[in-house]
Amino acid sequence: MKIRKASPEDALAIKTIHNKTYQISYRGYVPDAYLDNLIITDDILQRTQKMLSYTECYVVEEQERLIAFAYIGELNEHIFEINALYVLPEYQKSGAGSLLVNYVCNLKKDKAYKQCLVWTMKDGPSLEFYHKRGFRPTGNEKVWKFDILIIELIKKI
């Protein structure tokens, strides 16, 4: 597996990973009607391409196929956030997600960041993944779309 910075040309693969992961991993949490109607329109693709031209995003490749991505945002000079991290369902538990988390944490640590923050569903499928990687709840919670409760997790790097 190889990690690299994403480019606007990766937009279709990134949106495909996003939609497929959403449809499998969020089933039972997000309404089926929403999941069953996720599509990639030209407008969505163009917005994603534009966003990738200015947003920090990293992708994992396996045999020249994109299998995972993570959007990164900076909250301040000491804390960065993983805004989104998705791994194709057939590659979950392959190490791709861990590789990506470790990569971005090491990258940011080298730039003097001290902590990594992420929001995830309070009782969702990603909570255990983040716990195993050293993320701990801060006590902050908020309601996300579809009235789903999400919690803030933080990791010292």
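Since the model is a prediction, treat every value here as computed from it, not as a measurement.

(A) Here's a closer look at the overall build of the protein chain. On a plain count of helices and strands, the protein chain comes out with five helices and seven strands. When its helices and strands are written in sequence order, the protein chain yields β-α-α-α-β-β-β-α-β-α-β-β. The globule rule puts the C-alpha radius of gyration for 157 residues at 15 Å, and the 15 Å found for the protein chain is close to it. Oriented by its inertia axes, the alpha-carbon framework of the protein chain measures out at about 40 × 35 × 30 Å. By residue count, 44% of the 157 residues in the protein chain fall in the buried class. Residue pairs at least 24 apart in sequence account for 62% of intrachain contacts in the protein chain once pairs closer than 6 positions are excluded.

(B) How the structure looks around the pattern of salt bridges. If you walk through the whole model with that rule in mind, you get eleven salt bridges. A salt bridge links Glu61 to Arg4, with the shortest nitrogen-to-oxygen separation between them at 3.1 Å. Of this pair, Glu61 sits in strand 2 (residues 56-62) while Arg4 sits in strand 1 (residues 2-5), placing them 57 residues apart in sequence. The residue Glu141 makes a salt bridge to Lys122 at a minimum N-O spacing of 3.0 Å. One end of the pair, Glu141, is in strand 6 (residues 136-144); the other, Lys122, is in the loop between strand 5 (115-121) and helix 5 (127-132), with 19 residues separating them in the sequence. Under the relative-accessibility criterion, Glu141 is labelled partly exposed at 41%.

(C) Just the pairing of strand 4 (residues 79-87), in detail. Where burial is concerned, most of strand 4 is hidden: eight out of the nine residues are buried. Of the pairings in the sheet, the one linking strand 3 (residues 65-74) to strand 4 comprises seven bridges and is antiparallel in character. Bridging from a neighbouring strand, Ala68 pairs with Val87 of strand 4. From the end of strand 3 to the start of strand 4, which pair antiparallel, there are four residues. Direction of pairing for strand 4 relative to strand 5: parallel, over a ladder of four bridges. By the bridge assignment for strand 5, Ile82 is matched with Val118.

(D) Examining the sheet that holds strand 2 more closely. With mixed pairing, seven strands are arranged side by side in an open sheet as 1-2-3-4-5-7-6. Two strands bound the open sheet, and with one partner strand each, they are strand 1 and strand 6. Put simply, the sheet's adjacent strands are angled 25 degrees from each other on average, direction ignored. Where strand 2 and strand 3 come together, seven bridges link them in antiparallel fashion. By the bridge assignment for strand 3, Val60 is matched with Ala68. Here helix 1 (residues 11-25) sits on the sheet and contacts strand 2, strand 3, strand 4 and strand 6; the angle it forms with strand 3, its principal contact strand, is near 95 degrees.

(E) Quick peek at the side chain of Thr21. In this fold, Thr21 is placed in helix 1. Residue classification places Thr21 among the buried positions, given a relative accessible area of 4%. In terms of polar contacts, Thr21 uses its side chain to reach the backbone carbonyl oxygen of Ile17, at 2.7 Å. A distance of 2.9 Å separates a polar side-chain atom of Thr21 from the backbone oxygen of Val87. Sequence-distant contacts of Thr21, defined by excluding residues within four places in its chain, comprise Tyr26, Tyr86, Val87, Leu88, Pro89 and Gln92.

Calculation criteria
- Residues numbered from 1 in each chain as written.
- Predicted model: local features only at pLDDT ≥ 70, side-chain atom pairs only at ≥ 80, totals over all residues.
- Heavy atoms only, no water.
- Helix = DSSP H or I, 4+ residues; strand = E, 2+ residues; numbered from the N terminus.
- Rg over C-alpha atoms; globule rule 2.2 N^0.38 Å.
- Buried < 20%, exposed > 50% of the residue type's maximum accessible area, 1.4 Å probe, protein only.
- Contact = heavy atoms within 4.5 Å.
- Salt bridge = Lys/Arg side-chain N within 4 Å of Asp/Glu carboxyl O.
- Pairing = 2+ DSSP bridges.
- Axes fitted to C-alpha atoms, helices over the stretch in contact; angles between N-to-C directions.
- Polar contact = N/O pair within 3.5 Å; in protein donor to acceptor, adjacent residues only side chain to side chain.

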